[in-house]
Amino acid sequence: MLLDKIRAIEQRYASMVSTADACGRESVDRLTPTGWSAVDAVLGGGLVDSGLHEWFGAGEGCEGSAASSRRGRWTAPVCLMVHLAWRAMDRSVSPRWAVWIGQACFPYPRVLVRGDPGDMRLLDRSVFVAPKSAADRLWAVDLAVRSPSSSVVIADGGGFNMAATRRLHLAARREHKWILLVRPPWELGVLSAAHSRWRVSRPLGETLPEAMLFDGGEESSEPGASGMNPSWRVALLRYKGLQLEKVRSEWALEWHRGEGAVDLSAPLARAAGGEAAAASIRAAAG
Amino acid sequence: MRLAERRLRRRSGRPPGEAPASGDGVAGSHPAAILLVSTQRGAQAVACCSEQASREGVRAGMTLAHARAVLKDARVHIEEFDAEEDALSLQRLARWALRFAPAVAADAPDGLLLDVSGCERLFGGLAAHVRAAAAAMDRIGLPARLAAAPTIGCAWALARYGDSRLAIIESRASIRAALAPLPVHALRLEASMIAALADVGVRFVGELLRLPRGELATRFGALLLRRVDQALGDAEETIRPIMPARPLEASRQFDGPVKRIEVIELTVSELLASLLAEAERRDCGVRGLEIELRRVDVAPVRTSLTLTYPTRDERHLWRIIQPRIERLHLGYGVEEVHLRATAAERVRPMQPGLGADWMLTPSGESLYDDGGGAELLGALLDQMIEQLGREAVSRVEAVESHLPEKAFVRTPVSDARKARAVRRRSTIRRTLKRGGTSAGNAGAGGAAAAGGSGVTAMVASAGPADRPSCLYEKPEPAEVIALVPEGPPIWLQWRGASGTVALCRGPERIAAPWWQGASGARDYYEVRDESGRWLWMFRAHETGGWFVHGEWV
């Protein structure tokens, strides 16, 4: 009896969520595709424009080891941020600026140049701000997102608490912009008002097995599918309005050398069930 | 050349008589021959050279390799030719020369025109005036050739082609005789006209002046006659003098000492409004501002600010100024408030294509299509600079260098300069279009040796995108085992962790250009360790040591 009631509540909630996905959110919040098809399928078309999105970087030690959860060295997912900054840049109608705040998220400038010959728009339109404290970083992010001249703000969010993230999330919603915060892995447990939270980790340590390098016995011709490029595993930990337990929420991404962009690693995504997840979402929405 | 030479000497901290030396441009007791080179169509050519190099036979336009061959035994200092910096130096020199004449004009590339009419009495006569100017030029390390004459054309000709270092022609009647022995080049003619005159055997001004005017105009055009007339004083010629800028300032004196901060703020606000109104009349905007409070019995207190773009936006300026005034100590009271624009730049009505220096693309276009965008970003950055400091807000400029740590320069946005950025970025754009490989980046092209422990052999094909997303400020030393000497690594110890190399790609050889002083070449490898981390490592040729220089994160 109680179980039936619980299931009924769950179904009602799921239908509300899917309705919001199908109608409400798309009408209110614009979505910007990430360029990763399987991820976009799960998100209903892309990342919500107006919101704070947190990306947790990888720790110094091996994934899952105690070292990765301890405070120490960590690396911000810079390649992914560059990729998303390009998406934001391509999306904006009038030319605007990408503001990088905090040295932890500063990329080596060469990766801001896309393709060959180089498209230098992102390099030309990037401003780098290096505040010394977390309080200054918060102030700078808040100021940058409110400025009409910025299209996306990428910042080191280390040390931000719930109040800080709420402030930024509200500012991002009001201005209809992305704030992409990179955070150290040991802050995964810190409460946050972010619209979405992502964990970026390195792939498994061993040499990639042939099954992951090749697709059906034939080498994949898709970019980044060779397994010979830098790659990362990205896990979606939270996305407001989405029940993560019902969808696939982990993907593999690879650095595409030729384009200077991050691509979904197609064989890995298929192996991870990205297509199935997208199909299930489409079925739920439809 | 002398301006550039003097600039180099100043930079190297040497006295004017001693030139920088070969290599680093600092050491050495013998003066070095200085070559300023520019790159044209991929080849380096001498743009100009010092007198010593010129005596040895170096000429402008010669390739660098040819010039070095000519100067085989001499010490040589090579520097990139910077025409923009030379022009700025000449402008500075023109301002300096205002002490000798009220009207001074720069005569590019290396001359000054002074209108000394009526000034000679102040120096005890024209000859004394010219000698004083020559002595002053000697003192600042720029020995110059000077000529004073009734016409600009005559003075120009005598200064550049006359026999003596100081030439003085006091009356118009002497001009013709003074010019006669000079080559026709002295009349500021085009090269094609000089060649045409040479074809008919006219090499000196005297020969030219003996020819009938009517035939000259028919055969060589009106320009020749105009130059002749200007030199002889039969045609008007004026100079366009540099205008010493009137200071943009405003001040107010109180009847007595004022200690109330509200009154000071109101006064500053009103002065700011009047200063900006004056700026608008002059079509300029404020880029630097100094506020001085002159206090009773104690020294004045000042605060100054620098903006990223010239502005006349009172609200924006007040947002920055007000917190600063609140922090100033008023002492026993303020008697006078003084506002001064320390830097002002011309601003035109906001139109597409306008913006601050650093808002320009490599082609010189504004990064903003909408008119107000530049101000919006400038307002944001000014607030950030005010709160976080000038060094905290920067942009990145690409520089022509294959060394990864030197390929990009972080510049505070307030320091960025348009022309420099445009040149550098267009240079790097060319480099990128060429595929990022040239003399300094010789891909070794070899395959990483296939070894045991899962090392995969791969052909190095280093493209321009093969750079890590994170480059360490200083390469970090690592312990490495390679199967073959100078081969790719198969085992790695770094930051306290060790393990086998899962994947290796390379090498790509990168070295500094020989003309910038040889530093050791490096063989770079992309290495994936056991934890899945992709590192950018190199083996230093000089020491054989291994270093981790970056990472894909």
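What comes next concerns the included structure. Here the residue numbering is sequential within each chain, running from 1 through the sequence in written order. Just so you know, chain letters begin at A and ligand numbers begin at 1, following the order they were written in. Under the rules for a predicted model, residues below a pLDDT of 70 receive no local features and side-chain atom pairs below 80 are neither given nor counted, while totals for whole chains, interfaces and linings still include all residues. Hydrogens and waters are ignored; side-chain quantities use all the structure's heavy atoms.

1. Things to note about the overall build of chain A
Then, in step 1: In terms of regular secondary structure, chain A is built from ten helices and 15 strands.
Then, in step 2: Burial classes follow relative accessibility: with a 1.4 Å probe on protein chains only, a residue under 20% of its type's maximum area counts as buried, one over 50% as exposed, and anything between as partly exposed. The buried share among the 286 residues of chain A stands at 57%.
Then, in step 3: Throughout, a residue-residue contact means that at least one pair of heavy atoms, one from each residue, lies within 4.5 Å. Here the contacts in chain A between residues at least 6 apart in sequence split such that 73% fall between residues at least 24 apart.
Then, in step 4: About 11,600 Å² of surface is accessible on chain A, with carbon and sulfur atoms providing 54% of the total. The helix and strand labels rest on DSSP assignments: H or I over at least four residues marks a helix, E over at least two residues marks a strand, and numbering proceeds from the N terminus. Per-residue and other accessible areas were derived by the Shrake-Rupley procedure at a 1.4 Å probe size, with only the shown protein chains allowed to occlude residues.

2. Quick word on the packing of helix H10 (residues 213-220) of chain B against helix H11 (residues 222-232) of chain B
Residue and element names in this part refer to chain B.
Then, in step 1: To obtain an axis, a line is fitted to C-alpha atoms, over the contacting stretch when the element is a helix, and the angle between two such axes runs from 0 to 180 degrees between their N-to-C directions. As a packed pair, H10 and H11 sit with axes 6 Å apart at the nearest point and diverge in direction by 135 degrees. When the interaxial angle is binned, H10 and H11 end up oblique. Counted together, Arg213, Leu216, Ala217 and Phe220 of H10 and Ala222, Leu224, Leu225 and Asp229 of H11 form the full contact between these two elements.
Then, in step 2: Amino acid classes used here: Ala, Val, Leu, Ile, Met, Phe, Trp, Tyr, Cys and Pro are nonpolar; Asp, Glu, Lys and Arg are charged; the rest, including Gly, are polar. Classifying every residue of the contact of H10 with H11 by side-chain character gives six nonpolar, no polar and two charged. Note on terminology: angles under 35 degrees are roughly parallel, angles over 145 are roughly antiparallel, angles of 65 to 115 are roughly perpendicular, and the others are oblique.

3. A look at the pattern of salt bridges
Then, in step 1: Definition used for salt bridges: Asp or Glu carboxyl oxygen within 4 Å of a side-chain nitrogen of Lys or Arg. As enumerated under the stated definition, the model contains 38 salt bridges over all chains in all.
Then, in step 2: In this structure, arginine 522 of chain B and glutamate 405 of chain B form a salt bridge, with 2.8 Å as the shortest nitrogen-oxygen distance. Linking arginine 522 of chain B in strand S18 (residues 522-528) with glutamate 405 of chain B in the loop between strand S12 (393-398) and strand S13 (408-412), this pair joins segments that are 117 residues apart in sequence.
Then, in step 3: The class of arginine 522 of chain B is buried, set by a relative accessible area of 15%.
Then, in step 4: Since its relative accessible area comes to 31%, glutamate 405 of chain B is described here as partly exposed.
Then, in step 5: It is possible to trace a salt-bridge network through shared partners that takes in Glu54, Arg183, Glu187 and Arg197 of chain A.

4. A short note on the nonpolar core
Then, in step 1: Within the largest apolar cluster, 67 residues are counted, with the highest numbers of intra-cluster contacts made by Trp36, Trp55, Leu80, Met81, Trp100 and Trp198 of chain A.
Then, in step 2: Among the buried residues, those of types Ala, Val, Leu, Ile, Met, Phe, Trp, Tyr and Cys that are joined through side-chain atoms within 4.5 Å form a nonpolar core. Membership of the second largest hydrophobic core comes to 31 residues, among which are Ala155 of chain A together with Met384, Ile385 and Val413 of chain B.

5. Quick word on the sheet that holds strand S2 (residues 43-49) of chain B
Backbone-to-backbone hydrogen bonds pair the strands of a sheet. The strands run either parallel or antiparallel.
Residue and element names in this part refer to chain B.
Then, in step 1: The pairing criterion for strands is at least two bridges between them, as found by DSSP. Pairing is mixed across the open sheet formed by three strands, whose spatial order is S2-S1-S3. The outermost strands of the open sheet, each flanked by one partner alone, are S2 and strand S3 (76-80). Adjacent strand axes in the sheet meet at a mean angle of 40 degrees when their direction is disregarded.
Then, in step 2: Looking at chain direction, strand S1 (residues 33-40) and S2 are connected through six bridges and run antiparallel. From the neighbouring strand, valine 37 faces S2, where its bridge partner is valine 46.

6. With respect to helix H12 (residues 261-281) of chain B
Residues and elements named next belong to chain B.
Then, in step 1: Helix span, as expected, comes to 1.5 Å for every residue beyond the first. Taking 1.5 Å per residue as the helical rise, H12 with its 21 residues ought to reach 30 Å, and the 30 Å between its terminal C-alpha atoms agrees with that figure.
Then, in step 2: The inward-facing, buried residues of H12 contact strand S8 (249-258), strand S9 (284-295), strand S10 (301-311), helix H13 (314-327) and strand S11 (334-346).
Then, in step 3: Directly after H12, the chain includes aspartate 283, whose backbone phi takes a positive value near 60 degrees.

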